[in-house]
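# Secondary and tertiary structure notes
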Amino acid sequence: MQQVPALKIDGITIGQSLAIIEYLEETRPTPRLLPQDPKRRAQVRVISDVIASGIQPLQNLSVLKQVGQENQLTWAQKVIHSGFNALEQILRSTAGKYCVGDEVSMADLCLVPQVANAERFKVDLTPYPTISRINKTLLALEAFQVSHPCRQPDTPPELRA
């Protein structure tokens, strides 16, 4: 599909965020990104899918090109608000320190870049206190600081940290 991310590892190239994360979980299980408990693991996957399938694709560059330059900001904000309304409700019942309990999971890896997109599209995060709190907690961790979308080599200059 000529999209990012793609990871070249172990002699293969894997596309799509969740497939990459699950491969890393299966081949490099420390630290764990999916909880041992099946119910918590399902919660992590629900949150990850809401973000990776329900919010993020609808404000991809390819979609924004289709809605036209004059409608892009409004469209992206609408999509993110709709997704964040649902996500906030889910997180109210699953969150501890992070998205699901007190261990960083695949859901947290999905959350931070989506909040960065929300900020990029000037979404007011005030209605989403749980999302905002978790994101702030995650951004205090070095791994999330160095991997933040605004610090990647291909980040456009206007979006760099």
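What counts as what
- Residues numbered from 1 in each chain as written.
- Predicted model: local features only at pLDDT ≥ 70, side-chain atom pairs only at ≥ 80, totals over all residues.
- Heavy atoms only, no water.
- Helix = DSSP H or I, 4+ residues; strand = E, 2+ residues; numbered from the N terminus.
- Buried < 20%, exposed > 50% of the residue type's maximum accessible area, 1.4 Å probe, protein only.
- Contact = heavy atoms within 4.5 Å.
- Areas by Shrake-Rupley, 256 points an atom, 1.4 Å probe, with all protein chains shown as cover.
- Axes fitted to C-alpha atoms, helices over the stretch in contact; angles between N-to-C directions.
- Parallel < 35°, antiparallel > 145°, perpendicular 65-115°, else oblique.
- Nonpolar A, V, L, I, M, F, W, Y, C, P; charged D, E, K, R; others polar.
- Salt bridge = Lys/Arg side-chain N within 4 Å of Asp/Glu carboxyl O.
- Pairing = 2+ DSSP bridges.
- pLDDT = per-residue confidence, 0-100.
- Expected span 1.5 Å × (residues − 1).

### Quick notes on the overall build of the chain
Scanning the chain from terminus to terminus reveals seven helices and two strands. Ordered by position from N to C terminus, the α and β elements of the chain give β-β-α-α-α-α-α-α-α. Expressed as a percentage of its 161 residues, the buried residues of the chain come to 36%. Considering only contacts in the chain between residues 6 or more positions apart, those separated by 24 or more positions represent 58%. With the model as given, the accessible surface of the chain reaches about 9600 Å², and the carbon-plus-sulfur share is 55%.

### So, the packing of helix H4 (residues 72–94) against helix H6 (residues 129–139)
Packing of H4 against H6 leaves a shortest axis separation of 8 Å and a crossing angle of 75°. Judged by the inter-axis angle, H4 sits roughly perpendicular to H6. On H6, the residues that touch Phe84, Leu87, Glu88, Leu91 and Arg92 of H4 are Pro129, Thr130, Ile131 and Ile134. Residue classes in the contact of H4 with H6 are distributed as six nonpolar, one polar and two charged.

### Brief notes about the pattern of salt bridges
Applying the stated criterion to the full structure yields four salt bridges. For Glu22, the salt bridge is made with Arg45, and the minimal N-O distance between the two is 3.3 Å. Here Glu22 is found in helix H1 (residues 17–27), whereas its partner Arg45 is found in helix H2 (residues 38–55), with 23 residues between them in sequence. The shortest N-O distance in the salt bridge between Glu25 and Arg32 comes to 3.5 Å. Judged by relative accessible area, Arg32 falls into the partly exposed class, the value being 37%.

### Concerning the pairing of strand S2 (residues 12–15)
Two strands pair when backbone bridges link them, and strand S1 (residues 6–9) and S2 are joined in this way by four bridges, in the antiparallel orientation. Each bridged residue has a counterpart across the sheet, and for Lys8 the counterpart in S2 is Thr13. Between S1 and S2, which follow one another and run antiparallel, lie two residues, and Asp10 among them has a positive phi close to 55°.

### Considering unusual backbone geometry
Between Thr30 and the following residue, Pro31, the backbone shows a cis peptide bond with an omega angle of -5°. Its place among the elements puts Pro31 in the loop between H1 and H2. A positive phi angle is found at Asp10, which is not glycine, with a value near 55°. With respect to the helices, strands and loops of the structure, Asp10 is situated in the loop between S1 and S2. We note that Lys122 has phi near 55°; this positive angle belongs to a residue other than glycine. Its place among the elements puts Lys122 in the loop between helix H5 (106–120) and H6. What makes Lys122 exposed here is its relative accessible area of 64%.

### A look at the confidence of the model for the chain
For the chain, the average pLDDT comes to 89, and 89% of its residues sit at 70 or higher. Taking the mean pLDDT of every element in the chain, the minimum, 80, falls on helix H3 (residues 61–67) and the maximum, 97, on H6.

### Quick look at H5
Between its terminal C-alpha atoms H5 stretches 22 Å, which fits the 21 Å expected from 15 residues at 1.5 Å a residue. Of all 15 residues that make up H5, 11 are buried, and the element is covered over most of its length. Within H5, burial applies to Met106, Ala107, Asp108, Cys110, Leu111, Val112, Gln114, Val115, Ala116, Asn117 and Ala118. Contact partners of the buried residues in H5: H1, H2, H4, H6 and helix H7 (142–146). The positive-phi residue at the C-terminal boundary of H5 is Lys122, with phi of around 55°.

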